[in-house]
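Report on the structure
Chain residues, written in single-letter form:
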Amino acid sequence: MKPVDAAVIGGGILGCFAARNLRRWSISTVLLEQAEDVCTGITRANSAIVYPGYDNKPGSRKGEMTVRGNAGFDTLCQELEVPFNRCGSVLVTYDGETLPRLWKKWEQGVQNGVPGLRLLTGGEAEAMEPMLKPGVKAALYAPSTGTVNPWQLGIAAFENAVKNGAIPLLKTAVTGMEKTESGYLLKTTGEDIFCKVVVNCAGLSADRVQELLFPPSVRLHWDGAEYLVLDKQAQKPGRIVFHQAQSCGKGITAIPCVEGNLLISGVRKPIAAPYATTPEGLRALYAQAMDLLPGLDLTQVIRSFGAVRPNPYRQTGESIHDFCIENPAPGFFSLMGIKTPGLTCANELGMYLAEQTAAYLGAERNPDFDPHRNAIPKTEDPEIVCQCEGITRSEILEAIRRGAATVDGVKRRVGSGMGACQGSRCSFAIEGLLEEVRHGAL
Ligand SMILES: Cc1cc2nc3c(=O)[nH]c(=O)nc-3n(C[C@H](O)[C@H](O)[C@H](O)COP(=O)(O)OP(=O)(O)OC[C@H]3O[C@@H](n4cnc5c(N)ncnc54)[C@H](O)[C@@H]3O)c2cc1C
């Protein structure tokens, strides 16, 4: 391959948005992803919340990017044709002890410029969300909070980056790096890549990728979260409900997703196996969910899953709370341990990396950049493959044409297998279509 201006390592949501935004300039860009598809790492297992921006300290990068990222979501999702629901949120507390935390968040939110933020009495919160257990002490209402499907958004950014000329190199892991006179040489499991700028978006491995060339100043320690997904039929709150826990960190969260399911998240713990759930974690999740929303019908749970968070620590042991963007040498940028609210800020972080790269390279704006991406259209094809979600054969074939290489890749593009049967009725047929395409029969 000819030398390129920028090489993005990692095709999670952050790498996809970095590549998309780099193409706003005349910066030739490759995106290297070790898996056979994009958005299969942290991006596929998270809470899907577009945060309002009251959780972060005024003046912090997180605080500023979250409020700006949130405000830009309607336009972003229109450009990329991804569903977005600005459903709002209530953060509730049931005891006097945690009230000061709620007030602090209100103060931070006001200082950060979060629109429409309002403190509610317990009665107002219970009237707003009748499923809440009675006895709410106070609540913080944020109308700008929303939900979006994280992998759909990441895949849309990826497709738009490629449409604008970014070169995807999937199944290509970066295994080594050298400094050259004009930039960097990336050793990969495929061909060698010469580039002027490296943009390291390797998620859980970002510290190890940087370490291929520079001594680490930050280490990522992983911990986890567990989730329950309830069927669309289940009764659910109208807004996202956060429970202000007594311990630091958030308590349980109930998220009415854009697809219509209810997602329950909580319980962070040291993890033994990444992305795995545990019997004790799920038991605690069930108990806390019933405590906060006693009317929940947990027989409607159709799936559980585990998630992994990379927590950045300095070598001194100090934990880093703000977004950590390392720049160990000219033309080398690393996103280190970008956890919540990385989804909310994906476009902002990508834009920051693109601006830094453009300034370093002295690049011009790309006059041909087109921010628009077409979603896979719903079709009237009578051949329905996924009965639960009404996904047709032609929609599945379009997903495969756009790069889905597995049943899971198809799911993440058109939503097949996300209904009550969780793919038990359609996976076989989808695998058959993938086989036929692989063998050129379709
Ligand atoms: C439990 C949890 C809940 C969250 N909830 C929210 C939320 O509600 N709202 C919000 O705003 N944010 C949320 N976040 C944060 C958000 O999900 C993340 O910030 C974001 O998904 C991180 O994306 P990423 O691209 O860095 O990582 P990933 O999606 O993991 O992508 C990194 C990619 O790099 C690839 N890679 C690694 N090493 C190499 C290599 N050597 N060569 C090539 N490729 C490589 C990996 O295969 C992977 O695909 C949550 C995070 C967690 C963990």
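Residues numbered from 1 in each chain as written. Predicted model: local features only at pLDDT ≥ 70, side-chain atom pairs only at ≥ 80, totals over all residues. Heavy atoms only, no water.

All right, on to the overall build of the chain then. For the chain, the count of helices and strands is twelve helices and 21 strands. Since a compact globule built from 442 residues should have a radius of gyration of about 22 Å, the 22 Å found for the chain is in line with a globular shape. Overall, the C-alpha framework of the chain stretches about 65 × 55 × 45 Å when taken along its three principal axes. Across the 442 residues that make up the chain, the buried fraction comes to 54%. In the chain, 72% of the contacts between residues at least 6 apart in sequence involve partners at least 24 apart. With an accessible surface of roughly 18200 Å², the chain has 53% of that area assigned to carbon and sulfur atoms. Positive and negative side-chain charges of the chain, numbering 45 and 47 respectively, have mean locations separated by a distance of 2 Å. (Helix = DSSP H or I, 4+ residues; strand = E, 2+ residues; numbered from the N terminus. Rg over C-alpha atoms; globule rule 2.2 N^0.38 Å. Buried < 20%, exposed > 50% of the residue type's maximum accessible area, 1.4 Å probe, protein only. Contact = heavy atoms within 4.5 Å. Areas by Shrake-Rupley, 256 points an atom, 1.4 Å probe, with all protein chains shown as cover. Lys, Arg positive; Asp, Glu negative; His and termini not counted. Charge placed at Lys NZ, Arg CZ, Asp CG, Glu CD.)

Our next topic: the side chain of Thr253. Along the chain, Thr253 turns up in strand S15 (residues 253-256). Taking relative accessible area as the criterion, Thr253 reaches 5% and is therefore assigned buried. The contact partners of Thr253, leaving out residues within four places of it in the chain, are Ile49, Ile240, Val241, Phe242, Leu263, Ile264 and Ser265.

Below, the discussion takes up the side chain of Asp37. Tracing the backbone through its elements, the reader meets Asp37 in the loop between strand S2 (29-32) and strand S3 (49-50). A relative accessible area of 5% places Asp37 in the buried class. In this structure the side chain of Asp37 is engaged in a polar contact, spanning 2.9 Å, whose partner is the side chain of Arg412. A distance of 2.8 Å separates polar atoms of two side chains, one belonging to Asp37 and the other to Arg413. Ignoring anything within four residues of it in the chain, the contact list for Asp37 reads Leu170, Gly403, Gly409, Arg412 and Arg413. (Polar contact = N/O pair within 3.5 Å; in protein donor to acceptor, adjacent residues only side chain to side chain.)

A few words now on the sheet that holds strand S8 (residues 146-148). Here three strands make up an open sheet; going across it, the order is S3-S8-S4 and the pairing antiparallel. At either margin of the open sheet sits one strand with a lone partner, and together these are S3 and strand S4 (84-85). The pairing of S4 with S8 spans two bridges and is antiparallel. Directly across from Phe84, in S8, lies its bridge partner Val148. (Pairing = 2+ DSSP bridges.)

A few words on a nonpolar patch on the surface. A surface patch of nonpolar side chains, amounting to about 360 Å² of accessible area, comprises Trp103, Trp106, Val110 and Leu119. Tallying contributions element by element places helix H4 (residues 99-112) first for the nonpolar patch, with three residues. Within the fold, Trp103 resides in helix H4. Here Trp103 falls in the partly exposed class, since its relative accessible area comes to 43%. (Patch = residues over 30% accessible without salt bridge, like charges linked within 9 Å, V, L, I, M, F, W, Y side chains within 5 Å. Salt bridge = Lys/Arg side-chain N within 4 Å of Asp/Glu carboxyl O.)

We now examine the packing of helix H10 (residues 393-401) against helix H12 (residues 427-438). Across the interface, H10 lies against H12 with an axial gap of 11 Å and an inter-helix angle of 50°. Our classification of the angle between H10 and H12 gives oblique. Judged by the twist between their axes, the crossing of H10 over H12 is right-handed. Facing H10, whose interface residues are Arg393, Ile396, Leu397 and Ile400, H12 presents Ile430, Leu433, Leu434 and Val437. Residues of the contact of H10 with H12, tallied by class, amount to seven nonpolar, no polar and one charged. (Axes fitted to C-alpha atoms, helices over the stretch in contact; angles between N-to-C directions. Parallel < 35°, antiparallel > 145°, perpendicular 65-115°, else oblique. Left-handed = near helix turned anticlockwise from the far one by under 90°. Nonpolar A, V, L, I, M, F, W, Y, C, P; charged D, E, K, R; others polar.)

Attention now goes to the pattern of salt bridges. Considering all chains together, one arrives at 26 salt bridges under this definition. Between Glu79 and Arg20 there is a salt bridge whose closest N-O contact spans 3.0 Å. Of this pair, Glu79 sits in helix H3 (residues 73-80) while Arg20 is found in helix H1 (residues 13-22), placing the two residues 59 residues apart along the sequence. Relative accessible area serves as the criterion here: at 22%, Glu79 is assigned to the partly exposed category. The shortest N-O distance in the salt bridge between Lys232 and Glu389 comes to 2.6 Å.

Okay, the state of the cysteines next. For the structure on display, the rule yields zero disulfides. No disulfide involves Cys87; its sulfur sits 9.1 Å from the nearest other cysteine sulfur, which is in Cys257. (Disulfide = S-S within 2.5 Å.)

In an α-helix, one turn spans 3.6 residues, which is why side chains three or four residues apart end up on the same side. In this model, H4 (14 residues) spans 20 Å end to end at C-alpha, consistent with the 20 Å of a helix rising 1.5 Å per residue. Leu99, Leu102, Lys105, Gln108, Gly109 and Asn112 are the residues of H4 that are buried. Positive backbone phi, approximately 85°, marks Gly113, located one or two places after H4. (Expected span 1.5 Å × (residues − 1).)

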